[in-house]
Amino acid sequence: MTKTVTTRQLILILVLSVVTLKVLFLPNVLASNIGRDGYIMLLFLLLVDFLNLLILLYLLNKYKDMTFSQILNTLFGKAISKVILFLLALFFLSRCFVRFQTNFIYLNENLYTAFEWYIFAFPILICVIFCIKQGTKVYARLCEIFMPVVIFGFLVALVVGIFRADFTNALPFLENGLGFIMSSHRYSVWFGDYFVLILFFGKIKIERKFNVKVVVSLLITIVLIALFYAVFYFTYNYNSVCHINAISDIMQFLPSVSDIGSFDWILILIWDIALFLDFTLSVMLVNFLFCEVFNIHKHKIIVTIVSLIIIVAFNYAINFNIFLSMTIYRDYIFAFNILIQAGLPILLFIFGTAKRRKLNEIPKTQ
Amino acid sequence: MRYLKHNKILIVILVLFVVMFPMTISLPQQSRSENIVTAIGIDKSGEEYEISLQYLVPGSSDKALKCSSIKGKSVGEAIEKFNLDYGKVSGFAHCRVIVFNNEASDGNLNEALDYIQRIKTNTNNIFIVSTEKSAKDLLSSVKDLNSEFYVILSRDSVTGQHNHYESLKSFGDYYNTMLGNVKCIAVNNINVEQDNSSGGGNNAQSEATNESSSQGSSSGGGQNSEHESKKIKNDGSLTIIKDNKRLLTLDSPASDCLNWFNSKIKDMTLKVLNYNDDIYQNCDITFDVYKRFTNVSTYFVNGKPFYKLSLVVDVTIIEAVKESLEIKEFIPANNLFSDKLKQAVVTEIKHKLTLAESNFKTNKYDVVNCYEHFNKFNNKQFKHYLQSLKDDEYFLEDITFVYDITVRQWD
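What you see is a predicted model, and the numbers here were worked out from it, not measured in a lab.

1. Notes on the interface of chain A and chain B
Contact residues are listed per partner, giving 27 residues for chain A and 35 residues for chain B. Summed over both sides, the interface between chain A and chain B buries roughly 2,600 Å², with carbon and sulfur atoms accounting for 60% of that surface. Counting every contact that joins chain A to chain B gives two salt bridges. In this structure, Lys376 of chain B and Asp166 of chain A form a salt bridge, with 4.0 Å as the shortest nitrogen-oxygen distance. Between the two partners, chain A and chain B, sit seven residue pairs in polar contact (both at pLDDT 80 or more). Classifying every residue of the side of chain A that touches chain B by side-chain character gives 17 nonpolar, seven polar and three charged.

Below, the structure is given as structure tokens:
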């Protein structure tokens, strides 16, 4: 297998998938349900999600030259691996629905409210198809080019927010205890980002200190995301519930008399790039997983087009209403999400370690 | 074609152009369908609201700002009516000020503001300002200055008083306060008065007349043709809103006392009357407060709450009024503050703080955020203290205010 993705590219792709949506709508959802201590919930969920990354890294290090479907075949056999791949394909398809909606809502609210969905949809879909056709190497290169800009935008918003936030709003600390942690399953739709790693299994050029670089970069990202929520809430306090689009609002609607909002459009454009890249990544994964399930090696583009048609049809059916789709996820699909996000990594870890023991045992018996 | 065949990216760009160009070239300008509202006035008379909208008319005309009014049973109904009459949808993304009159705030102010709060493009950075009689008059006067209202509010001085820009409260502040524990906010009170000065001089406000727009006004509001000369009066008075209703209006001296609790107000003056020492005899001395460092700490002693306000004030003399002229007053070395003069300043500041304290204790309004300070930094003790009261509303009464004031001379 050709190693096409470098460590740096992989880190940037992981950061992209973790950050993009968590600084858009999630802060508003957490502020509405938890409020002041929402950053603790976010930190908790990010760290739980981080365990998935550690398990996937463990598999990646163990089976350096194998693709994800080959690993599943080795661990579970062909039939079960197909089922797992199919479930993962559905998982990523559901993530595509949200990401497509987010693209539309973001452009619609921030750029031009008279936008019809097809005005933005066609160009984006054409770009996505083109990007997927070019393969993971081109995608990784795109991320390498654009991610520094996206990270810059995120840091600018964070720094601007830090200067405006009133950190005493964190007090009284944990006034109502930690009971809110019990409702963490409601937010499962926003997590499970590290599974994007499965697309790059067998394609990564593993360099020196690969694990340390990935783990440290992602831990820093996690801390910054939690800090971003804290800054968002401590800036707007009770008004946070009115600010749906956190990354844009933190620049545009600062409780300030300055004209810093004038720079908001730069951030909007930057975040559009991040949303596009994130959506493309999810579609790539759907494409990859369905092709693996149905053994499609030629005409993969047809799978992409069919997936995109399903995504557009779903969004058209619910009228691009992100709150409706969030309610559907929260009330009906959360169990499936938890199965994938918690059950699958545990299975992978157990079977992965068990397999190693067998491998270790084989030479002894021989 | 062969070139295109070998450069797939060009095909994508071409497809994008072919798809996007016909769809976007025909989109109308947003200003053709949206009205750019820069200020909203809310007047209530009886059960009816009269809404005045100050809006921007794109073009090269000198009078780019217009003001129109319309009546309705609610704010939403009035604005919807206005949209129908004017033929454009009112856009509030550029709205910077909401003015409401006393009658609107005497009722439920939330009722008046709810429509605006729910507008998606509302920035929460809109300043809220109260006026005693008519928001419509105020907006009309501002419109004639051909300057957006918030620019006027941000000017260093409107009628020769202090800069109140820092003390202006925004829509976001209002909802944060009303949704929080305190539910009490002080908003600036700005009025319109007849300008009796002849000739106008160099006062920009005196040029303001009550001419009004003839566009878009369907109720006749703002179509007064008489040329009365009016000026905007910003004397620093404040309206106290508690639980979405106007509690009282503080006049300029009372507001000035309260401002000593507000760390955001930078530009202040202080007057010590009939001061006597070796250098100044029977003088009314005015000081400019150059810098003010404020620190608030809260603590409990034997279950009793204490609110300590520490102030470090840098002042300089800007005027000493007296009957006779003494040369020693102008000798630079003599300009050093004596301890007695510093003490006089401290006494005066304490006097103002005590007046403000007795006022907000008597009228039970917590605009200095006592509740939040105790709740954040002494949460458990404060809860215990609140439980010992028969009603949370009386929590201010037993708080002891301690003032630690240091005065320094600023050169």
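More follows now that the structure is in view.
2. Quick notes on the packing of aromatic side chains
Applying the stated criterion across every chain yields a total of 42 aromatic pairs over all chains. Arranged with centres 5.0 Å apart and planes meeting at 90°, the rings of Tyr371 of chain B and Phe382 of chain B form a pair that is edge-to-face. Residue Tyr371 of chain B is located in helix α12 (residues 370–377), and its partner Phe382 of chain B is located in helix α13 (residues 379–387); the two are separated by 11 residues in the primary sequence. For Phe382 of chain B, a relative accessible area of 0% puts it in the buried group. Members of the aromatic cluster, connected to one another through ring pairs, are Tyr39, Phe167, Tyr229, Phe232, Tyr233, Phe234 and Tyr236 of chain A. The lysine or arginine in question, Lys390 of chain B, covers the ring of Tyr394 of chain B, its NZ or CZ lying 5.5 Å from the ring centre.

3. Considerations on helix α4 (residues 68–76) of chain A
Residue and element names in this part refer to chain A. Residues of α4 that are buried: Phe68, Ser69, Ile71, Leu72, Leu75 and Phe76. Taken end-on, α4 shows its buried residues confined to a sector of 155°, consistent with a single buried face. Downstream of α4 by one or two residues, Gly77 has phi in the positive range, about 90°.

4. Considerations on α13 of chain B
All names here are of chain B. For α13, every residue scored as buried is listed here: Asn379, Phe382, Tyr385 and Leu386. Along the axis of α13, the buried positions cluster into a sector of 125°, meaning they face one direction only. What points out from α13, more than 90 degrees from its buried face, is the exposed set Lys380, His384 and Gln387.

The rules we used
- Residues numbered from 1 in each chain as written.
- Chains lettered and ligands numbered in written order.
- Predicted model: local features only at pLDDT ≥ 70, side-chain atom pairs only at ≥ 80, totals over all residues.
- Heavy atoms only, no water.
- Contact = heavy atoms within 4.5 Å.
- Buried area = accessible area lost by both parts, 1.4 Å probe.
- Salt bridge = Lys/Arg side-chain N within 4 Å of Asp/Glu carboxyl O.
- Polar contact = N/O pair within 3.5 Å; in protein donor to acceptor, adjacent residues only side chain to side chain.
- Nonpolar A, V, L, I, M, F, W, Y, C, P; charged D, E, K, R; others polar.
- Phe/Tyr/Trp six-rings, centres within 6.5 Å; stacked < 30°, edge-to-face > 60°.
- Helix = DSSP H or I, 4+ residues; strand = E, 2+ residues; numbered from the N terminus.
- Buried < 20%, exposed > 50% of the residue type's maximum accessible area, 1.4 Å probe, protein only.
- Lys NZ or Arg CZ within 6 Å of the ring centre and 35° of its normal.
- Arc of directions from axis to C-beta.

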